[in-house]
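So you can see what is in the structure, the chains are spelled out below.
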Amino acid sequence: MNITANKFVSVSYDLNVGEGEERELMEQATAEHPLKFIYGLGTMLPAFEDRLSGLATGDTFRFSLAPENAYGEYIEENVVELPKNVFEVDGRFDREYISEGNTVPMMTSDGEQLNGSILEVKEDTVLMDFNHPLAGETLHFDGSVLDVHDATAEEIAALSAPAHGGCRCDCDCDCGDDGCEGHASSCNL
């Protein structure tokens, strides 16, 4: 059976970023903890799905996605300073949650939800990056198709919307709103 619309797909892969000798392994979806999705439901990057189209169980794949086909270019204007009072709960700044390196869910004045990575907590402001963590990166995938079959109603229900608050991987990690700890990008492919 080949990968086509509404098929259940399970894949393992290595995802590297960078070029040449400078490539860095960003994540692995293993046979024990594969990436599972329903092809064509819009839960994955369109270019990722396009590259898998027509493959069957046992097929291997190797391809790269340029930033414009993945998470876009890195945009400097998406790095902003916000006043600390934005992060107050009951009149107190949340020092534990709002700290360098954390990613926090935010909402624009238009109600759009997005995640921001905290780059620095300053005296009166918090410097945040609202670019996707893989923005500006070329994604290099090397993997294999583990399973392709007609999706059941249960699989469609389970995989058509992100489970675990943003995670679509089949992992044993503590997935939160920001995705999987240790597999950040698989939750967002």
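Look a little higher up for the structure.
Thresholds, definitions, all that
- Residues numbered from 1 in each chain as written.
- Predicted model: local features only at pLDDT ≥ 70, side-chain atom pairs only at ≥ 80, totals over all residues.
- Heavy atoms only, no water.
- Pairing = 2+ DSSP bridges.
- Helix = DSSP H or I, 4+ residues; strand = E, 2+ residues; numbered from the N terminus.
- Axes fitted to C-alpha atoms, helices over the stretch in contact; angles between N-to-C directions.
- Phe/Tyr/Trp six-rings, centres within 6.5 Å; stacked < 30°, edge-to-face > 60°.
- Buried < 20%, exposed > 50% of the residue type's maximum accessible area, 1.4 Å probe, protein only.
- Contact = heavy atoms within 4.5 Å.
- Polar contact = N/O pair within 3.5 Å; in protein donor to acceptor, adjacent residues only side chain to side chain.

**Student:** Describe in detail the sheet that holds strand E10 (residues 125-129), supporting the description with residues and values.
**Tutor:** Spatially, E5-E10-E9-E8 is the arrangement adopted by the 4 strands of the open sheet, whose pairing is antiparallel. Two strands close off the open sheet at either side, each with one partner strand: strand E5 (79-83) and strand E8 (103-107). Averaged over all pairs of adjacent strands, the angle between their axes in this sheet comes to 45 degrees, without regard to strand direction. Taken together, the 5 bridges between E8 and strand E9 (residues 113-121) define a ladder with antiparallel strand orientation. The residue of E9 that forms the bridge with Met 107 is Gln 113.

**Student:** Outline the packing of aromatic side chains, supporting the account with residue identities and numerical values.
**Tutor:** Summed over all chains, the structure comprises 7 aromatic pairs. Ring plane angle 35 degrees and centroid distance 5.3 Å describe the contact between Phe 63 and Phe 141, whose orientation is recorded as tilted. Note that Phe 63 is positioned in strand E4 (residues 60-65) and Phe 141 in strand E11 (residues 139-150), a separation of 78 residues in sequence. Side by side, Phe 63 and Phe 141 carry an identical accessibility label, which is buried. Through pairs of rings, three or more aromatic residues link up here, namely Tyr 13, Phe 37, Phe 48, Phe 61, Phe 63 and Phe 141.

**Student:** Just give me the short version of the environment of Ser 99, but keep the residues and values in it.
**Tutor:** Tracing the chain through its elements places Ser 99 in the loop between strand E7 (92-93) and E8. As for Ser 99 and Ser 117, which are separated by 18 residues in sequence, their C-alpha atoms are 9.5 Å apart. Look past the residues within four positions of Ser 99 in its chain and what remains in contact with it is Ile 118 and Val 121. From its side chain, Ser 99 meets the backbone oxygen of Glu 96 in a polar contact 3.5 Å long.

**Student:** Quick one: what's the story with unusual backbone geometry, residue by residue and with numbers?
**Tutor:** For Asn 6, which is not glycine, the phi dihedral falls at a positive 65 degrees. Tracing the chain through its elements places Asn 6 in the segment before strand E1 (7-17). Using a relative accessible area of 42% as the deciding quantity, one classes Asn 6 as partly exposed. A positive phi angle, near 55 degrees, is found at Asp 90, a position not held by glycine. The topology assignment puts Asp 90 in the loop between strand E6 (88-89) and E7.

**Student:** Requested: an account of the side chain of Ser 12, with residues and values cited.
**Tutor:** Looking at where Ser 12 falls in the secondary structure, it is placed in strand E1. We classify Ser 12 as buried; its relative accessible area is 12%. Every residue in contact with Ser 12, bar those within four places of it in the chain, is listed here: Ala 29, Thr 30, Ala 31, Phe 61, Gly 143, Ser 144 and Leu 146.

Limitation: the analysis is restricted to geometry and does not speak to function.
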